[in-house]
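Commentary on secondary and tertiary structure
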Amino acid sequence: MSKVLVPIANGNEDIETITIIDVLRRGGLTVTVASVHESKHIVAAHGSKLEADVLLTDVADQMFDAVVLPGGMPGAEHLRDCALLIDMLEKHDIQDTLLAAICASPAVVFGTHGFLVDKQATCYPGFEGGLNGAEYIVNEPVVMDGNILTGKGPAAAMVFSLTVLGNLKGYEAAQNVADGLLC
């Protein structure tokens, strides 16, 4: 069974965070939600109160089949500024693990730390200047290039999450979840 890490922070986009976790769990993946803060409790960008499964420090030595970052501000900045998370992303990238980010996070996290060089990517409009080294794909809700998957924003959260699921469990598994959600 595939293991997925979903790091979360105060100010992450509510819809993206919940959709990622929910869709991947519906698809039968083992999802570990990890707070990058010193508390498991976070408050999302629009006030939703969430509790992580663990602190990121609790799983720092583990490898996952994917690391999936929700966006939202200032959540993406908190993810960007978490040295432990960046170290984990670098270790996973070396192994060609699926690294996925949506909304502001492709630019704020991946772009800042060099994960997008010579890749195609998308992000929330207005953040494209942060896609350092990438070709910005403006008209697609989700863009995959190598082991990097990026999504545009809250309205793309469902297709983004289903794409993560499809990459880890195959098209049929993703389609079964999509059918159950009436997508």
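The structure under discussion appears in the preceding block.
Residues numbered from 1 in each chain as written. Predicted model: local features only at pLDDT ≥ 70, side-chain atom pairs only at ≥ 80, totals over all residues. Heavy atoms only, no water.

Before going further, it helps to examine the nonpolar core. Grouped together as the largest cluster of nonpolar side chains are 31 residues, with contacts concentrated most on Val4, Val6, Leu24, Val68, Phe160 and Val164. Going through the elements one at a time, strand S1 (3-8), helix H1 (14-26), strand S2 (30-35), strand S6 (66-69), strand S7 (98-102), helix H5 (157-169) and helix H6 (171-180) are the ones with two or more residues in this core. Sequence-distant contacts of phenylalanine 160, defined by excluding residues within four places in its chain, comprise Ile20, Val68, Ala100, Ala101, Ile102, Val142, Leu149, Thr150 and Gly151. Membership of the second largest hydrophobic core comes to 27 residues, among which are Ala34, Val59, Phe115 and Cys123. (Core = buried A, V, L, I, M, F, W, Y, C linked by side-chain atoms within 4.5 Å. Buried < 20%, exposed > 50% of the residue type's maximum accessible area, 1.4 Å probe, protein only. Helix = DSSP H or I, 4+ residues; strand = E, 2+ residues; numbered from the N terminus. Contact = heavy atoms within 4.5 Å.)

Turning our eyes to something else, we now look at unusual backbone geometry. When glycine is set aside, most residues are seen to have a negative phi, and most peptide bonds are trans. Between methionine 73 and proline 74 the backbone carries a cis peptide bond, its omega angle lying at 5°. Inspection of the secondary structure puts proline 74 in the loop between S6 and helix H2 (75-80). With a phi close to 70°, cysteine 103 is a non-glycine residue in the positive phi region. Residue cysteine 103 is classed as buried on the basis of its relative accessible area of 7%. The backbone of aspartate 118 sits at a positive phi, close to 65°, despite the residue not being glycine. The topology assignment puts aspartate 118 in the loop between helix H4 (105-111) and strand S8 (120-121). Taking relative accessible area as the criterion, aspartate 118 reaches 70% and is therefore assigned exposed.

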